[in-house]
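# Examining the three-dimensional arrangement
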Amino acid sequence: MKQHGEENWGYMQKEGVREYIKLRPGDDNFMWPNDEEFRKDYSILFNLVSEVAFPCFERFAQYKNEKNESIILEEAIDDIRQLIPSRSSLSVIRYYSHNERPYKDVCSDHTDTGILTFVFRTQVPSLEILDKTMGKYVKVEELAEVGDMIVFLGEKSHLFTNSVQFCASPHRVNMVPNTERYSVTFLLDTAK
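On a predicted model such as this, the values are computed, not experimentally measured, just so you know.

Here we take up the overall build of the protein chain. For the protein chain, the helix and strand inventory stands at two helices and eleven strands. Walking the protein chain from its N terminus toward its C terminus, one meets helices and strands in the order β-β-β-α-α-β-β-β-β-β-β-β-β. Looking at the protein chain residue by residue over its 192 residues, the buried ones come to 46%. At a minimum sequence separation of 6, the contacts of the protein chain that also span at least 24 residues come to 70%. Accessible surface, the protein chain: about 10600 Å² in total, of which carbon and sulfur atoms supply 51%.

Okay, structure coming up:
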């Protein structure tokens, strides 16, 4: 994988598979493309998604467990609100066209490291999330409309809850042959 940037940030390319740019607009330590318009547009998109992401987290925080207790620790909400601009990230990903089926090396089974992940439904629905009760992957993008956001839990979600019933969502991208896919992903995160 070619990488321009630090700590899995900046521009990356997996030859013949995908390329992406993953940045945090509030952090000037990352290598930005030498294009002020790009940085301005990227920051606007980041801010717009942030304005949706935190209220989603707050809605999640209103969920009550079987003892009618909030699942999110109260002190976590303010901490997360403060950290969104400096620790969350926005990625724009281009998956290259291929003619193999299935193409396993595009984006194999994994969980994201943040608290919540927000993925815009794409024109080429390929995102699948593991339904642990059924024991199989569900093509969630096909259930959404273009413009919708799909939200799922990351590995750090359990750090902010009083509940063990929530855990990270395994997911993957299972590409449609002979198509190119562009994806925008926002990772609500709190730490390096």
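So, on to the environment of A144. Turning to its location among the elements, A144 is positioned in the loop between β8 (136–138) and β9 (149–153). When its relative accessible area of 14% is taken as the criterion, A144 is described as buried. Expressed as a C-alpha distance, the spacing of A144 and P125, which sit 19 residues apart in the sequence, is 9.0 Å. In this view, A144 contacts R121 and I150; residues no more than four positions away in its chain are not counted.

In this section: the sheet that holds strand β5 (residues 107–110). What the four strands build is an open sheet, ordered β5-β10-β7-β8; its pairing is antiparallel. The sheet terminates laterally at β5 and β8, the two strands that pair on one side only. Pairs of neighbouring strands in the sheet enclose a mean axial angle of 25°, with direction left out of account.

So, about the environment of L116. Within the secondary structure layout, L116 lies in strand β6 (residues 116–120). Residue classification places L116 among the buried residues on the basis of a relative accessible area of 4%. Considered as a pair, L116 and C56 are 60 residues apart in the sequence and their alpha carbons are 9.1 Å apart.

In this section: a negative patch on the surface. Negative charge collects at one region of the surface, where D35, E36, E37 and D41 lie side by side. Among the secondary structure elements, E37 is positioned in helix α1 (residues 36–61).

Parameters and conventions
- Throughout, residues of each chain are indexed from 1 in the direction in which the sequence is written.
- The predicted origin of the model limits local features to residues at a pLDDT of at least 70 and limits the giving and counting of side-chain atom pairs to 80 or more, whereas totals for whole chains, interfaces and linings rest on all residues.
- Only heavy atoms go into the side-chain values, all of them from the structure, while hydrogens and water stay out.
- Helix numbering and strand numbering both begin at the N terminus, where a helix is a DSSP run of H or I of at least 4 residues and a strand a DSSP run of E of at least 2.
- Here's how the labels work: a residue is buried when its accessible area is under 20% of the maximum for its type, exposed when over 50%, partly exposed in between, all with a 1.4 Å probe on protein chains only.
- For this analysis, residues touch if any pair of their heavy atoms sits within 4.5 Å.
- Residue burial considers only the protein chains on display, and all accessible areas are found by Shrake-Rupley using a 1.4 Å probe.
- Criterion used throughout: strands pair if DSSP finds at least two bridges between them.
- A fitted line through C-alpha atoms represents every axis, and for helices the fit uses only the stretch in contact; the resulting angles, taken between N-to-C directions, go from 0 to 180 degrees.
- Distance thresholds for patches are 9 Å for like charges and 5 Å for nonpolar side chains (Val, Leu, Ile, Met, Phe, Trp, Tyr), applied to residues having over 30% relative accessible area and no salt bridge.
- Within this document, salt bridges are pairs made up of a side-chain nitrogen of Lys or Arg and a carboxyl oxygen of Asp or Glu, the two lying within 4 Å of each other.
- Two residue types count as positive, namely Lys and Arg, and two as negative, namely Asp and Glu; His and chain ends fall outside the count.
- A charged residue contributes its charge at one atom only: NZ of Lys, CZ of Arg, CG of Asp or CD of Glu.

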